[in-house]
Structure formats: C-alpha cells, structure tokens
Amino acid sequence: MNCKGRMDSKFMLMADLLCDKAATTTAMLREKLKTCTVEYITNNFDVESIWLNVIMKRLSMWRNFPELMNVGRTFHTSSVCGHIIKLTRLRVVDNSEIGKQAMAEGKPPKCIHIYNKKGVGTIGDKVLVAVKGEKKKGIIVGVKQNQPSLIPKFDSNNVVLIDDTGTPLGTRIHVPIPQILRTILKEKNVVKGVDYTKLLALATRFV
Amino acid sequence: MAGVGCSVRGYFLPLRVARNVVKGSICCLFQQQVRGAKHLNYPRLRNPIWFVRKERTKYEEHLTPENKSFIQEVIHDKYGPPTVIGGISTYKQSPLKLQPMERGSWFPGCRRTGVIARKIGIYPMWLKDGTRVLTTLLQVLDNHVIRYIPPEEFHPPRTSVRNPKSKQQLGCLLVGAESADPQTFTKEYCGLFKDSGVMPTKILGRFLISPEAAVQPGTPLYASHFKPGDYVDVRGKTVYRGFQGVMTRWGFKGGPASHGVTKTHRRPGNIGAGGGKARVWPGQKMPGHMGNRYRILYGLEVLRVNTKYNVIWVKGPAVAGETNSTVYIYDTRLPLRKLKETPHFPTYYPEDDDPLPDDIYSENLHPFTAPTITYEENA
Amino acid sequence: MALWCRGVQRILVDVRPIFSLFQTIGNTEYSSLSSVSRPEGLGSDEAKEAKTVEGHKPIVPLECRFVYPEFLPDPRLDHRNSLREKLERMDMLNRRAHIDIPEFYVGSILAVTSSNSHAPEKSSRFVGICIQRGGCGLRASFILRNVIDHQGVEMFYEMYSPVVQKIEVLRLEKRLDNELLYLRDALPEYSTFQLDMEPEFLPEGAPVPVNPIKVKLKPRPWLERWERQELKGVQDLGLPERFYKRAAEVARPWEKYDLMKEYRASIPAEEQEEIFVEVYSQLQQLEVMRKKMKRRRTFVRPKKMG
C-alpha cells in the first residue's frame, strides 16, 4: 500500500498490535481495506472492533487528506501566559466618559506601552493605552493570568484610566479590586508628583 | 590520557610515588588555554585505597538452615543485634575497639566532616511572614566513620593547580552509610571496615577535613551535625537525561519554526569562526550525554532538623538527583555564609548534652504546630 | 500491552469506578520498589492484623479517600518515599489541629477567611464555589469562583497554608463533573453567590447530595473545547455537526479500558488503608473535639423572664 505522508505513532502502535492477532482478524482488516468504507460500530464492546474502527477512519483520512496526516509538520506551542503585552485589549472599569464610549462602541482600548523594564504587565503596572484615537495612561487592576495563592484572578483584563499625576479620569470603579494593589501602589507613590491614593479611594469593593 | 584533539605542549611533572599508584602514569598539564575547560574530564590517575571490588557474584551455596542461622548468629555477635534506629533497620553496633581519640576544638576556617544522606523528597513549608518555600528533605542514613587518614599519609589524586599545597594540609575521613549484610560484599571490601568495628556499608564516601576535626572511627554521625540556620553545600549526581541535543543540553535557541526554514529547527548552527583559528575549538558545545554528573549546590539554608528520623530540611527544590538518590552534605564554602559560632565539633555526640527535641526549627520558619499566622495592625 | 489485551479480549468493563475498590495483586512489592526503609511503628501492627483476618473487613471507612483525598500521596513511583510521606502526614495533622479543614467537594460553596497583610483589617474573606481541587499532601489546593459586581473572580487557596484562618462550608454538595472549569464559559448566574450567604446544614449522617444541574454555556469562543470532554453538567452545546465529528475522531475511547493506566494513576486499596489507619484515629479525635466546641458555643442558657 503506498501512502503519502507519515503515519502517526498511534496508528503504528495499533497496526503492530493487530498484526500480532489471529489471522482471522487481519483477514477482516484486509477485507475492509478493499472496500475502504468507514462504519461506526456503536454497540459492539469488542476491543478489536474499536481499534479497527479507529484504524479504518485513519486510513480513510489518509487516502483522502494525506496532507492532514502529516503529523510531523506541527510544532509545539507553550501554554497561554496571560500577562499584558503590547496590543492587548483591555476593559475599562471606571466611569470615565472616554472609557464608557469606547466600551459601548465595541472598540476596547489597546495597550501600546508598559511602563516597566520587563515589557509585560500585571496587576499594578502603569500602561499607555490607545482609546478612541487618543493616548491615555492607565493602571492594570485585574488580569486573567493565573495568580499565586490569595491574589484574585479575574475573568477580564481590567484597566483604570489615569492622567500623568495618577488622578483617575472617572469617579467610580464598579468592579472589585485586589487588596494587593494597596501595597503595590503605595510603593509607587514614592515618585514625586504621583499619587495613586485617589484611585484606591474610588474603589467600591476590595477582594 | 586525556587527549582532546589538540597538540600537547605541556611539561611532565615528577612522578609522585604513592601507595597504590598505577605504574607508568604521567601527569600532563595542558599549557594551552582551552575554552570552557571546566567540563573536560581530567582523569584520576591513582585510585584511592578504598576502591576495591565491592560486590561478589552470588551463587547458590545450598546452605542448611542451621548453617544459615549460625552465620546470622556470628554476624550478630560481631556487630550487634538488629534494631531500628531513626526509621532504618540496622544493627546495634558494638563499642569502639580502637583507643579513644582526642577531640579537637573548632576555629574559624576549620573544615569539619560532612554527612552522607538520601534525598527523600520535596514539600512546601511556610516562613513566619507567610512566604511559601519549597524544602528538600535529606535523610541522613545510618552514617559511621570508617577510617581517618592523616594529611601526611593521604595523597589525593588531583591537586589544585592554583594552590598545590592547599589539600596537603587536609586529612581524609572515610564515612560509610547504610549498613548491610556482609555476605553480599567481597572479603577485600569487608576488610576496609575491620579496624573500625563497623558493619560494612553500601555507600562509602570521603570528606577532606582539617586534622583537628578528625573523628574516631566507629562514631555514628547524625542529622544534628547541622543546626537550623546553618548553610550547607549539597552534592549529588544529576538526573540522567541521555543523549540530548544542543537546545536542551546547552540552552541554545535553535532556529525559526516556520518561514521556510528547511530542517534547521533545533540545530546548533555555526560552530566556529574562520580565519586564523580555522578549526573547532575544544570545548565547543555540542549534543551529547547529559546528566549523571556530580554537581554541587552551594549555600542552602538548613531550615529544620528532625532528630528522631535524622532528616534535614534544606531550602530550595533544586538538589541534584532523583528522589531516593544519595547526596553528600558539607558545611558551606561561601565566605559570607560560613560558620561564625562553634558548631557541634568534630560532630554531634548524643551523650554530651541533654537529648534534643524531636524537631528543631529555624528562627524564621513557621512550624505546623504553631497557631495560624496573623499580621499586626499598624497604628 | 499486547499480552494483557489477549487476556482481556471479552471482559470489557470500564475499570475506573470499580478499580478503587479492587485489591491489587502483588502490591506488597511496593516497599522494595521504592528501595527505602519503611518506618516501623505507627499503625503497621494494625494493618498486619487486618491482612491476616479472613474476609478482610476494612478498619477505616471507605469514604476516607473522598473526604481526605490529599492524604493519599502522588502515585508516581519515582517520587514515592514512605518516610517523607509519613513526615508530611504528621505535618498535615499538626496543621489540622489548629484549623478545621472540613469535608467538601467540587461544587460545594465555601467561605475562606485568611490573613492578608495588604488589607487594612489584616484579614479578608472570600465566598465562592469550588471549581477545582488538586495537589497531594501539603500542596493540596482548591480554586473558588464567584461573580461579584458582574465581574468573575477566582481565588486560588493552599489548604495547609498557615495564613488561612478559617474554611467554612456554606453548602455541601457534589456536581455531576469532577471539575467545574466550564463555569468560566457559562452564563454568570451559575457562578453568582451572595457574599453574606448563610451556611446550610445537612441532617447528621445524610449522604452528600448531588446537584444534577445542567449549566448553559455562553456562545463560542470558549476557553476550552468543551465538546471534546465528556461533561455531564452542561446543557446541549448546540454546535454544528462538524465539531462533534472532529471530537469523535480525536476521542480516545480505549483509555477507559486501560487497566495499567488506571493503576499507575491511583494508590492501591491496601496501601490506602494503611495510610488511613495511621491518621484516621487522630482525625476522628479532632472532629469529635470540634463538635463538642460547637455545641458548647451554640448553647445559650435560657434567661429567667420577669
């Protein structure tokens, strides 16, 4: 049987096992190959039938879509990190005019710069966002990234828009905010002319 | 001979005559600078005196049950009855046969013996401020000192190139761990343990020590040799990973995954520059066998010591080796973490002081017997 | 694999639910496999007695493995060591003496109070439904999920962390699935629970109720391919036929018949018993003590009228 493409390892394993089996089984397989039809056997509890089933499906895939059976052509990707990087879409959680309009239109702000040496942002980092054609600064108050113990993880990447001095543009934050922000922003208050206490005052609930 | 493919422009050191020197071996020193010479295996040229054949082929001896029990009786008479010490089934060793040795006194800079342990696992513990740390558990197996070789008689096969005289002041302490039935070993191996009166052990290790830190052969070594708050170096054999490519072994970045790249996703790429040195330098990082090497991790803090089962908790999960593998624990050589106060010197003797509590914790470690951590409200 | 296949040709039962109750053959080889000293003492005498008794009635209740699942060690043979597991269990019991870690399952609603250095009150309380439970020994952990102010929030807790002050079970129940990660893609009403919820008590000795609720998911895109997982707690996903076809193609229906895979992923029943024989008496004592304290607390002396 000449086939294009590489056989994947699962197929090979099962084919080897079936070769060990009695002649009647292999004869059955040969018969099926001639007809090359796929019958889904639902009520049979026979292990061999199940394997035959899978093998038949794979063979048919092979004949019809040899490119897809080239399993060697895939490459490994790492799992999702979840931290904020450039061009991440964020959700504005305060009631600033510009934020509300952007979220209502369906064009959420995108992060275009992260103000730290790493280039990736997490809770408490200041970011530059592009919202409705303008550049605004914001503080990340919640991420979808898996967090260490006792730090909450949110279902969306939340941002609160601020100006250069740290005063928020809105007057209320209607989603819960992590407690750890208190410590993070206190440390950032050290820089002259920057005051993040107003942001914490706007929060209605701390998680 | 350590030939690494380059011309040997060295000089011949005068032959150092030691007891078991392999005749005709010559020590060559490479004068040429070799890139990354640390990992090159310079060969040991003299085997230590304890390198004797250890295991014997076991064959059916067809002993009668009476003979078998007689042999067991002889072993018990010689070494003591079987007991369980610290969770390990061993034998209650007989009193020491040699003349008692004088115990030295500690001074800063003195090197005392280490301990042979087994890595039994990793689990988390918490510090008093709530920080979580992973700790490796090292169980000090049934350790006994087998022999002490004073510096005048001890000639280690490899001397330091920079400071040839440094090891000449150090003596060698042979320590054995995990006693076993002498019937499983050869006569020569058992002979090493004759003087000390200790049961032959499965593992034999050596520690270089100052002469003041010499310990009487036959003394047992315990986990209380180290105190919580001390820093230790742990040496173990890394996990064997087999023949590995250059990305796993040396951390190379490989090639792009797509964009038309042909068959160059995990290859090293260029291995040398052209020009004058038109060759591959020795020490060029290439694929090869990875792991199964001794590696030392320096400066691990001892967080907790259990005296009942002889277990030491060290901070950090990265001790070399798999679970249930043997490791060697030494006092740290890092200058800022060295011992400042007198430790148990030359080792911990239970008869000296009052019996220690079952569990001793470091100052900043939160023991599970203590109540929940609460933070004080600031004014 | 070919060998066991020939033997098992006609005996095809899904081994997973039955496996935990079967006694394995030859698992006494375990101690020599791990090649480590087994500490004698605690519990081993009782275990030896139990083995010699004919008919082998279990000393500890079978539910222990579900009530205290973190006492069972990681089944990976490379990482097993009886002394370390024993020390870990001792540490777990020591911690349990200071905090009551109640019985709960994935799907139960918990309220956890923990010390928090960042909060002004130095402690914080979170209420949520347990969507995942993991870890063995001191690494045991769980994730609580709640929707607060229309924002989904999840908290990851380590059960044996000394920073956790109190774990209360507000509603003890089980769900149809082992993990409820699909709640992240479900409509928010299925994950919303009041923060001031009152604890609901079950009658003494009653079995843990199973909530047969079928959750409705939001329209795609989802975080995972839920059609490929055999989820029982979701309503009909309503996807086009090609999704189910592809799911059937990548499905691995032989895995539920794989004896060795199940064996490697679980601790044999005899070992489980030995482990629980060690710890059960102490756990029972703690429970009894806590019940007494509760009764003492709730008892209010009747005041004289007039």
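Everything quoted here is computed from the prediction, not taken from an experiment.

(A) Seen up close, the overall build of chain A. For chain A, the helix and strand inventory stands at six helices and six strands. Along chain A, from the amino end to the carboxyl end, the secondary structure elements read α-α-α-β-α-β-β-β-β-β-α-α. A burial count over chain A gives 43% of its 207 residues as buried. By sequence separation, contacts in chain A at least 24 residues apart represent 56% of the contacts at least 6 residues apart. Of the roughly 11800 Å² that chain A leaves accessible, carbon and sulfur atoms contribute 55%.

(B) Quick look at the pairing of strand E4 (residues 134-142) of chain A. Residues and elements named next belong to chain A. The pairing of strand E3 (residues 126-131) with E4 spans six bridges and is antiparallel. Its bridge partner being in E4, Ala130 is matched across the sheet by Lys135. Once E3 ends, the chain turns through two residues before running back antiparallel as E4, passing Lys132 with a positive phi of about 55°. Taken together, the five bridges between E4 and strand E6 (residues 158-162) define a ladder with antiparallel strand orientation. Pairing of Gly138 across the sheet is with Leu161, part of E6.

(C) Structural context of the environment of Pro100(B). Residue and element names in this part refer to chain B. Within the secondary structure layout, Pro100 lies in the loop between strand E2 (88-91) and strand E3 (115-126). Pro100 sits in the exposed class, given a relative accessible area of 71%. Here the alpha-carbon distance between Pro100 and Gln216, two residues 116 residues apart in the chain, equals 6.9 Å.

(D) Seen up close, the interface of chain B and chain C. Listed by partner, the interface residues are 34 residues for chain B and 35 residues for chain C. At the boundary of chain B with chain C, the tally comes to two salt bridges. The salt bridge involving Arg132(B) is made with Glu158(C); its shortest N-O contact spans 3.3 Å. Taken together, the links from chain B to chain C amount to 11 residue pairs in polar contact (both at pLDDT 80 or more). Taken together, the elements giving at least two residues each to the side of chain B that touches chain C come down to E3, strand E4 (132-140), strand E12 (294-306) and strand E13 (311-315) of chain B. In terms of residue count, E3(B) provides more of the side of chain B that touches chain C than any other element does, seven residues in total. Split into classes, the residues belonging to the side of chain B that touches chain C amount to 17 nonpolar, 12 polar and five charged.

(E) Representation of the packing of aromatic side chains in the model. Residues and elements named next belong to chain B. Counted under the stated rule, the structure contains 12 aromatic pairs over all chains. With 6.1 Å between their ring centres and 85° between their planes, Trp126 and Phe368 make a pair best called edge-to-face. One end of the pair, Trp126, is in strand E3; the other, Phe368, is in the segment after strand E15 (359-361), and 242 residues separate them in sequence. The class for Trp126 is buried, based on a relative accessible area of 1%.

(F) The arrangement of a nonpolar patch on the surface in detail. A grouping of Ile271(B), Val280(B) and Met286(B) is seen on the molecular surface, where their side chains present a nonpolar patch of about 210 Å² in accessible area. On the secondary structure map, Met286(B) appears in the loop between helix H3 (246-250) and strand E11 (288-290).

(G) Geometry of the nonpolar core. Core analysis: the largest hydrophobic core is formed by 79 residues, its most contacted members being Phe71(C), Phe142(C), Tyr182(C), Leu183(C) and Leu217(C). Sort the elements by how many residues they give to this core and helix H9 (residues 269-298) of chain C lands first, with six residues. Aside from chain neighbours lying at most four places away, what touches Tyr182(C) is Asp177(C), Val215(C), Leu217(C), Trp226(C), Leu231(C), Gly233(C) and Val234(C). Ranked by size, the runner-up nonpolar core spans 36 residues in total, among them Leu173(B), Val232(B), Val302(B) and Phe345(B).

(H) Looking closely at the confidence of the model for chain A. Residues and elements named next belong to chain A. Residues of chain A with pLDDT of at least 70 account for 63%, and the chain-wide mean is 78. Here residues 1-7 is a poorly scored stretch, pLDDT under 50, and it has 13 contacts once near neighbours within four places are set aside; other chains count. Low confidence marks residues 36-45, where pLDDT is under 50. Its contacts with residues over four positions away, or in another chain, come to 14 contacts.

(I) Just the side chain of Lys153(A), in detail. Looking at where Lys153(A) falls in the secondary structure, it is placed in strand E5 (residues 153-154). A polar contact is formed between the side chain of Lys153(A) and the side chain of Asn146(A), at a distance of 2.9 Å. Setting aside its immediate chain neighbours within four residues, Lys153(A) contacts Val143(A), Lys144(A), Gln145(A), Asn146(A), Gln147(A), Gly152(C), Val153(C), Glu154(C) and Arg184(C).

(J) Fine view of a positive patch on the surface. All names here are of chain C. A contiguous patch of positive charge on the surface is contributed by Lys291, Lys292, Lys294, Arg295 and Arg296. With respect to the helices and strands, the residue Arg296 is situated in helix H9. For Arg296, a relative accessible area of 61% translates into the label exposed.

(K) Focus on the sheet that holds strand E5 (residues 143-149) of chain B. Residues and elements named next belong to chain B. Spatial ordering of the open sheet is given by E7-E6-E5-E8, a layout of four strands whose pairing is antiparallel. In the strand order of this sheet, the two ends are held by strand E7 (201-209) and strand E8 (220-221), each with one partner. Sheet topology note: the E5/strand E6 (residues 171-179) ladder contains six bridges and is antiparallel. Considered in E6, the bridge of Val145 is made with Val175.

(L) Geometry of unusual backbone geometry. Across the junction of Phe345(B) and Pro346(B), the peptide omega takes the value -5°, indicating a cis bond. Along the chain, Pro346(B) turns up in the loop between strand E14 (325-331) and E15. Residues Arg220(C) and Pro221(C) are joined by a peptide bond in cis, for which omega reads 10°. Within the secondary structure layout, Pro221(C) lies in the loop between strand E5 (164-171) and helix H7 (241-250). In the Ramachandran plot, His259(B) falls in the positive-phi region, its phi being about 65° despite a non-glycine side chain. Looking at the element boundaries, His259(B) is found in the loop between H3 and E11.

(M) Fine view of helix H4 (residues 97-105) of chain A. All names here are of chain A. Looking at H4, one finds that the buried residues are Ile98, Gly99 and Ala102. Down the axis of H4, the buried set is contained in an arc of 100°. They therefore lie on one face. In H4, those exposed residues whose orientation departs by more than 90 degrees from the buried face are Glu97 and Ala104. Against the buried residues of H4 lie strand E1 (91-92), E3, E4 and E6. Two residues or fewer after H4 comes Gly106, characterised by a positive phi angle close to 95°.

(N) Spotlight on the sheet that holds E3(A). Across the sheet, five strands lie side by side as E1-E6-E4-E3-E2 (chain A); this open sheet has mixed pairing. For this open sheet the edge positions go to E1 and strand E2 (110-114) of chain A, each flanked by a neighbour on one side alone.

(O) Representation of the pattern of salt bridges within the structure. On inspection of all chains with the given rule, the structure shows 34 salt bridges over all chains. With its nearest N and O atoms 3.5 Å apart, the salt bridge here joins Lys136(A) to Glu134(A). For Glu134(A), a relative accessible area of 36% puts it in the partly exposed group. In this structure, Lys315(B) engages Glu301(B) in a salt bridge whose closest nitrogen and oxygen atoms are separated by 4.0 Å. Remark: Glu301(B) occurs in strand E12 and Lys315(B) occurs in strand E13; sequence separation between them is 14 residues.

About the criteria used
Residues numbered from 1 in each chain as written. Chains lettered and ligands numbered in written order. Predicted model: local features only at pLDDT ≥ 70, side-chain atom pairs only at ≥ 80, totals over all residues. Heavy atoms only, no water. Helix = DSSP H or I, 4+ residues; strand = E, 2+ residues; numbered from the N terminus. Buried < 20%, exposed > 50% of the residue type's maximum accessible area, 1.4 Å probe, protein only. Contact = heavy atoms within 4.5 Å. Areas by Shrake-Rupley, 256 points an atom, 1.4 Å probe, with all protein chains shown as cover. Pairing = 2+ DSSP bridges. Salt bridge = Lys/Arg side-chain N within 4 Å of Asp/Glu carboxyl O. Polar contact = N/O pair within 3.5 Å; in protein donor to acceptor, adjacent residues only side chain to side chain. Nonpolar A, V, L, I, M, F, W, Y, C, P; charged D, E, K, R; others polar. Phe/Tyr/Trp six-rings, centres within 6.5 Å; stacked < 30°, edge-to-face > 60°. Patch = residues over 30% accessible without salt bridge, like charges linked within 9 Å, V, L, I, M, F, W, Y side chains within 5 Å. Core = buried A, V, L, I, M, F, W, Y, C linked by side-chain atoms within 4.5 Å. pLDDT = per-residue confidence, 0-100. Lys, Arg positive; Asp, Glu negative; His and termini not counted. Charge placed at Lys NZ, Arg CZ, Asp CG, Glu CD. Arc of directions from axis to C-beta.

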